[in-house]
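The lines below spell out each chain.
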Amino acid sequence: MVEPTNLPEFISPIDADDSFSFACHSGVKCFNECCRLLELALSPYDVLRLRKATELTSEQLLAQYIIIEQEPGEAFPRLYLTMNDDGRASCVFVDKEGCTVYEHRPGACRTYPLGRSVRRTGIGAYQQFVIIKEDHCQGFLEAARQTPKSYCYHQELTLYNQFNDAVMEILQHDAIRNGFVPSQLNIELYILALYNLDAFRKQLFEDRLDTIVLSHIEKEQLQNDENLLIFGIDVLHRQIFTGL
Ligand code: SF4
Ligand code: SF4
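Every value quoted in this text rests on a predicted model; they were computed, and no experiment measured them.

1. Observations concerning unusual backbone geometry
At step 1: Looking along the chain, the bond that leaves Tyr 112 and enters Pro 113 is cis, with omega of 15°.
At step 2: Secondary-structure assignment places Pro 113 in the loop between α3 (107-111) and β7 (114-121).
At step 3: Phi is positive for Leu 37, close to 50°, though the residue is something other than glycine.
At step 4: Here Leu 37 is to be found in the loop between β2 (20-21) and α1 (44-54).
At step 5: A relative accessible area of 71% places Leu 37 in the exposed class.
At step 6: Here the phi dihedral of Glu 55 falls at roughly 60°; this positive angle occurs in a residue that is not glycine.
At step 7: Mapped onto the fold, Glu 55 is located in the loop between α1 and α2 (58-65).

What follows is the structure, encoded as structure tokens:
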């Protein structure tokens, strides 16, 4: 059982195998209501997928659709999807038919109406779920039964969660918890290696990153975006926490 925490009334913890009634489809009255008035934080894997959906380069995507913000006291910046200035703060990717990037929609959109977090302890890491019952969401009136585990599976979240958990190893690193403040160079590398894959690849292939020299075979492997993101997470981890 997940321990109760100080959550708002409409959010409650739920175990991975506990069931709840929910379905979302274009026939619900609230169709697209959850694609407005939201703060949509993007993970590196979300940006990789949105790049595929939009066929933009990572630089174009960052310039056109993404806001980078760093709150005082936070070790790393957060990246948010911009919203339309239409009086309802609608997502830039929603139209009356639904999500225009559905196949590549971000992990948070797939996970809703659940929320997922990963808690690290001395003996390992485990995932926790919450269920978010907002008034506008009619999906809870549907008969279909789900569990967080089955819902995540059907929303094809496995790869999203794997990448997000790997990035979390940096964000929740003991050094960060103990007050380590990344340098400006660390933060620039964070954006470059995790969110700006096209520019990262270019700098790697042109041998412009001092400490990294790649073989021909490695360069071939890093033509693949997912491989490049895994490589970027590893480089970042090493450069920030071991200086290598
Ligand atoms: S990306 Fe798609 S699912 Fe997510 S908020 Fe935008 S329109 Fe909705
Ligand atoms: S508000 Fe709920 S039921 Fe309605 S479209 Fe969004 S997730 Fe689906």
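Now that the structure has been shown, we can carry on.
2. Observations concerning the domain arrangement of the protein
At step 1: Domain boundaries assigned for the protein yield domain 1 (11-171) and domain 2 (179-241).
At step 2: Inter-centroid distance (C-alpha atoms) of domain 1 to domain 2 is 25 Å.
At step 3: Counting from both sides, the interface comprises 24 residues of domain 1 and, opposite them, 20 residues of domain 2.
At step 4: Across the domain 1 to domain 2 interface the summed buried area is about 2000 Å²; carbon plus sulfur atoms make up 71%.
At step 5: It is Phe 76, Phe 163 and Ile 170 that lose the most area in domain 1 upon contact with domain 2, and together they represent 27% of the buried surface on that side.

3. Some details on α2
At step 1: Regarding α2, the residues found buried are Ser 58, Leu 61 and Leu 62. End-on, the buried residues of α2 take up no more than an arc of 100°, which puts them together on one face.
At step 2: Considering only its buried residues, α2 is in contact with α1, β3 (66-69), β4 (78-81), α7 (184-195) and α8 (197-205).

4. Section: the packing of aromatic side chains
At step 1: If you walk through the whole model with that rule in mind, you get eleven aromatic pairs.
At step 2: Here the aromatic rings of Tyr 45 and Tyr 160 are separated by 4.8 Å at their centres, their planes lie at 85°, and the arrangement is edge-to-face. Placement of the pair is Tyr 45 in helix α1 and Tyr 160 in helix α5 (residues 158-171), with a sequence separation of 115 residues. Each member of the pair Tyr 45 and Tyr 160 is classed as buried.
At step 3: Taking the centre distance of 4.7 Å and the plane angle of 5° together, the rings of Tyr 45 and Phe 163 count as stacked. Here the residue Tyr 45 occupies a position in helix α1, and Phe 163 occupies one in helix α5, the gap between them amounting to 118 residues. In terms of burial, Tyr 45 and Phe 163 fall into one category: buried.
At step 4: A cation over an aromatic ring shows up here: Arg 105 above the ring of Tyr 102, its NZ or CZ 3.8 Å from the ring centre.
At step 5: The cationic tip of Lys 133 hangs over the ring face of Phe 140; the distance from NZ or CZ to the ring centre is 5.3 Å.

Conventions we followed
Residues numbered from 1 in each chain as written. Chains lettered and ligands numbered in written order. Predicted model: local features only at pLDDT ≥ 70, side-chain atom pairs only at ≥ 80, totals over all residues. Heavy atoms only, no water. Helix = DSSP H or I, 4+ residues; strand = E, 2+ residues; numbered from the N terminus. Buried < 20%, exposed > 50% of the residue type's maximum accessible area, 1.4 Å probe, protein only. Domains from an automatic or database assignment. Contact = heavy atoms within 4.5 Å. Buried area = accessible area lost by both parts, 1.4 Å probe. Arc of directions from axis to C-beta. Phe/Tyr/Trp six-rings, centres within 6.5 Å; stacked < 30°, edge-to-face > 60°. Lys NZ or Arg CZ within 6 Å of the ring centre and 35° of its normal.

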